[in-house]
Amino acid sequence: MGWYIKDLSDDERQARRDSLDATGLISCLAPIFVLLGLAGMRAYRRSHKHDTFPPTISRFEWRFFYAPALSTSPELGTVGMWVGGVACVIWQLWLGISGTNEGETNLEAPVLLNIILWNNARKSDYIHLTKAFGTLAFSNLPLHFFLAGKSRSFLHRHLLHYSHDRVNVIHRWLGRLIFTFICFHATLYLNYFWVTGRLFHLLDWDIMFGVAGFIMFATIYITSLSLIRHAPSQYFTTFYFTHILLAIALIPTIWNHVTHPHPYLLFTASLWLWDYTSRWFSTRWGQAEVKMIGSGCMLEVDVLINRPETIEISPGAHIFLTIPRLHRLRGGMRANPFTVAAFSEAEQRLKLVMRVRDGFTKSLVELTQRGEASSLLTTNPYEEQALKISASIFLPSQASFPNLLKYTRVLFIGGGVGGSFCVPWVKYLHAQPPTGTCVRFVWSVSDPLETHWAFSELKDVALRSFTSSLELYLTGTGVGRARGEAELELLPRVKNAVPSSIPTGNVRYTRPTLSLVLEQELDACMEGDDMAVLVCGPEGMTADVREAVGRTIDNRKGVGVWYWEESFGY
């Protein structure tokens, strides 16, 4: 099947325009109805079934919605995302191409009916095909910006039960689809100008805006590649600011290119303004106290919210932290996501624990180490340095969690700073009236000093309940050699640094065998019981847990399993 450049009458041009507008409208609104439908299905299931029975994952759901499509690259999404993505691409291509095939158009029939019946053809109209790719790209911009939104009024994470990382995966794939459509649109138009001898039109203002928009799209795509996003901080900062600034600049650029995408651009601009306006009014300012933990590879940040502003934070929540003073260092003005490790509603004080890496955390360490005398809380050089500095936080849209107290057993697995996700949950579950739920927390750290923050605010009964469910695995330098040797000689500092409130039998100087841990929990379950597994830690740990949970769902019958993997990535 070929497409040809046709000389159309005015009525045929108008019919083509009506068809393209209808294509864009369907492409823009259909995903919204799909999202609402998925959210409605989840709400129905939770209201009619999960009041009595907690949610669990079937074998089909695991393979379709949870297991990575490629085990070597989880960032590429799940099998369900691939299937949904391919179906979306085929459907959108059909929307664009169906208006160009052979056949006579019924100019009196409704436009939507013509599209559905594949009967609104412009006799393989080349220009229709070219414009259709541009229409599909622009009509997907509102959904693309919506998925990138962080405002609490954007309920996509809560309604769809998706984590921060899973929403980012969908956002990236939709961006690739939009850029592909833009490439087809630009290539076909360039070929049209070449074949018809109209290259001089490239100097027209509307075409130059189109070329500028294509360059912006290409720059956004190239800088968002994993190679750059996961590169050292200066490259990530380039990606971050390029992504934001060019995304904003795209709206007026496309606006001046052609008039037909104006409704989609207005919708996109409205979503962007709503997101940033609501984030601005939801931002809370306060004083942050920054301390280095252990050997300096971790930071503890306590943020005291200025009165009369208040916030409410539930277990498993994360916030975006900004420290304006870091604008003189790299990466400082960017809002960075961190899990809330502890929160005091009475004092409006929250605690963050972060691993020191390149970029924001490294800059924060440098600021703490070189801090002026006026900003240091301690002047004794033998005391732990702490820095008091102005900071702002923003509480974004959160994912929804089921009622964990309805499960027979709840297993938390944390690696290093991943404990900041698990600890609030363990404390919360122990603080609730007894329901028969057994809680187990496996925490693997390299240095016991990295765990002290979790015990700082616990006393008496709460402390005993927390430590009774905790199993601490120490994996730091020298720990692995201690097995079968004189531990007291090799590990005196490590043993002395272990919090005294943890029972001796709950401390192990080795790495946890996660498959064995999961098997033990399953053996403790009876037929008809339900178990929840929540993990937060390094990619290798989460991959091991994911694989073990997958085997469990495939092989164990009679025990329901629900799984949650918490991670942050760009």
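Definitions and limits used
- Residues numbered from 1 in each chain as written.
- Predicted model: local features only at pLDDT ≥ 70, side-chain atom pairs only at ≥ 80, totals over all residues.
- Heavy atoms only, no water.
- Helix = DSSP H or I, 4+ residues; strand = E, 2+ residues; numbered from the N terminus.
- Contact = heavy atoms within 4.5 Å.
- Buried < 20%, exposed > 50% of the residue type's maximum accessible area, 1.4 Å probe, protein only.
- Phe/Tyr/Trp six-rings, centres within 6.5 Å; stacked < 30°, edge-to-face > 60°.
- Pairing = 2+ DSSP bridges.
- Axes fitted to C-alpha atoms, helices over the stretch in contact; angles between N-to-C directions.
- Core = buried A, V, L, I, M, F, W, Y, C linked by side-chain atoms within 4.5 Å.
- Expected span 1.5 Å × (residues − 1).
- pLDDT = per-residue confidence, 0-100.
- Disulfide = S-S within 2.5 Å.
- 1 Å grid on protein atoms, 1.4 Å probe; cavity = no way out; pocket = protein on both sides within 12 Å on 5 of 7 lines; lining within 4 Å.
- Points joined across faces, edges and corners; volume = space filled by probe spheres on them.
- Nonpolar A, V, L, I, M, F, W, Y, C, P; charged D, E, K, R; others polar.
- Salt bridge = Lys/Arg side-chain N within 4 Å of Asp/Glu carboxyl O.
- Parallel < 35°, antiparallel > 145°, perpendicular 65-115°, else oblique.

(A) Summary view of the overall build of the protein chain. Looking only at helices and strands, one finds 19 helices and 12 strands in the protein chain. At a minimum sequence separation of 6, the contacts of the protein chain that also span at least 24 residues come to 72%.

(B) Geometry of the environment of Gln369. Structurally, the position occupied by Gln369 is in helix H13 (residues 360–370). The exposure class assigned to Gln369 is partly exposed, which follows from its relative accessible area of 49%. Expressed as a C-alpha distance, the spacing of Gln369 and Lys291, which sit 78 residues apart in the sequence, is 10.0 Å.

(C) Molecular detail of the packing of aromatic side chains. This model, assessed by the stated rule, comprises 19 aromatic pairs. Where Phe401 meets Trp425, the ring centres are 5.3 Å apart and the plane angle is 70°; that geometry is what we call edge-to-face. With Phe401 in the loop between strand S6 (386–394) and strand S7 (409–415) and Trp425 in helix H14 (residues 419–431), the pair connects residues that are 24 residues apart, well separated along the chain. Residue Phe401 is classed as buried on the basis of its relative accessible area of 16%. What makes Trp425 buried here is its relative accessible area of 6%.

(D) Main features of the sheet that holds strand S9 (residues 470–474). What the six strands build is an open sheet, ordered S10-S9-S8-S7-S11-S12; its pairing is parallel. Looking at which strands have only one partner, the edges of the open sheet turn out to be strand S10 (507–508) and strand S12 (560–565). Note: strand S11 (residues 530–536) against S12, six bridges, orientation parallel. Pairing of Ala532 across the sheet is with Trp562, part of S12. Against the sheet, helix H19 (residues 539–555) engages S7, strand S8 (438–445), S11 and S12, with an angle of about 160° to S12.

(E) Quick peek at the side chain of Ser392. By the secondary structure assignment, Ser392 is in strand S6. For Ser392, the residues in contact, after removing those within four places along its chain, are Thr283, Arg284, Trp285, Phe320, Leu321 and Thr322.

(F) View of the nonpolar core. Among the nonpolar cores identified, the biggest contains 61 residues, and Leu404, Phe412 and Leu534 are the most heavily contacted of them. Secondary-structure elements contributing two or more residues to this core are S7, H14, S8, S9, helix H18 (514–523), S11, H19 and S12. In contact with Phe412, other than residues within four places in its own chain, are Leu404, Cys422, Trp425, Val426, Leu429, Val439, Arg440, Phe441, Val442 and Leu534. Counting residues in each nonpolar core, the second largest holds 36 residues, with Leu129, Leu147, Ile254 and Tyr264 among its members.

(G) Representation of helix H8 (residues 164–195) in the model. Taking 1.5 Å as the rise per residue, H8 with 32 residues should run 46 Å; its terminal C-alpha atoms sit 47 Å apart, in good agreement. Just beyond H8, the residue with positive phi is Gly197, at close to 70°.

(H) Region of the structure containing the sheet that holds strand S1 (residues 284–293). With antiparallel pairing, six strands are arranged side by side around a closed barrel as S1-S2-S5-S4-S3-S6. Ignoring which end each strand starts from, the neighbouring axes of this sheet average 45° apart. In this sheet, S6 lies alongside strand S3 (residues 318–322) in antiparallel orientation, the contact comprising three bridges. Note that in S6 the partner of Leu321 across the bridge is Ile393. The sheet contacts of H14 involve strand S4 (336–344) and strand S5 (349–355), and relative to S4 the element is tilted by about 30°.

(I) A look at the confidence of the model for the protein chain. In this model, the protein chain carries a mean pLDDT of 78, and residues with pLDDT of at least 70 account for 78%. Counting contacts from residues 102–123, a segment whose pLDDT is below 50, to residues more than four positions away or on other chains yields 54 contacts. Confidence drops under pLDDT 50 across residues 478–490; counting only partners more than four residues distant or on other chains, this segment forms 16 contacts.

(J) Representation of the state of the cysteines. Within the structure shown, the criterion is met by zero disulfides. With no disulfide partner, Cys422 has as its closest neighbouring cysteine sulfur the one in Cys536, 6.1 Å distant. By relative accessible area, which is 0% here, Cys422 ends up buried. Cysteine Cys438 is unpaired, with the sulfur of Cys525 as its nearest cysteine sulfur at 8.9 Å.

(K) Region of the structure containing helix H9 (residues 205–223). Its 19 residues place the ends of H9 27 Å apart at the C-alpha level, agreeing with the 27 Å of an ideal helix rising 1.5 Å per residue. Regarding H9, the residues found buried are Ile207, Gly213, Met216, Phe217, Ala218, Ile220 and Thr223.

(L) Geometry of the layout of surface pockets. As a volume, the second largest pocket reaches approximately 900 Å³. Among the secondary structure elements, those contributing two or more residues to the lining of the second largest pocket are helix H6 (141–148), H8, H9, helix H10 (226–229), helix H11 (233–257) and helix H12 (262–282). The dominant element in the lining of the second largest pocket, judged by the number of residues it contributes, is H11, at nine residues. Grouping the constituent residues of the lining of the second largest pocket by class yields 23 nonpolar, nine polar and seven charged.

(M) Main features of the pattern of salt bridges. By the definition in use, this model includes 13 salt bridges. Across the pair Arg17 and Asp21 runs a salt bridge whose closest N-O atoms are separated by 3.0 Å. Of this pair, Arg17 and Asp21 are both found in helix H1 (residues 10–48), four residues apart, which corresponds to roughly one turn of the helix. Of the residues examined, Arg17 reaches a relative accessible area of 15% and is grouped as buried. Close ionic contact of Glu450 with Arg355 constitutes a salt bridge, the shortest N to O distance being 3.4 Å. Taken as a pair, Glu450 in the loop between S8 and helix H15 (460–468) and Arg355 in strand S5 lie far apart in primary sequence, 95 residues in all. A relative accessible area of 22% places Arg355 in the partly exposed class. A network of salt bridges, in which partner residues are shared, links Arg409, Arg440, Glu471, Arg508 and Glu521.

(N) Examining the pairing of S3 more closely. When you tally the buried positions in S3, you get five out of five residues, the bulk of the element. Residues His318, Phe320 and Thr322 of S3 are buried on one face, and the alternating residues Ile319 and Leu321, pointing to the opposite face, are buried as well. In the sheet, S3 pairs with S4 via four bridges, with the strands oriented antiparallel. If you follow Phe320 over to S4, its bridge partner there is Pro337.

(O) Summary view of the packing of H6 against H12. The interhelical angle for the contact between H6 and H12, taken along N-to-C directions, is 10°, at an axis separation of 8 Å. In terms of orientation, H6 and H12 fall into the roughly parallel class. Contact residues: Leu141, Pro142, Phe145 and Phe146 in H6; Tyr264, Leu265, Phe267, Thr268, Leu271 and Trp272 in H12. Here the residues of the contact of H6 with H12 sort into nine nonpolar, one polar and no charged.

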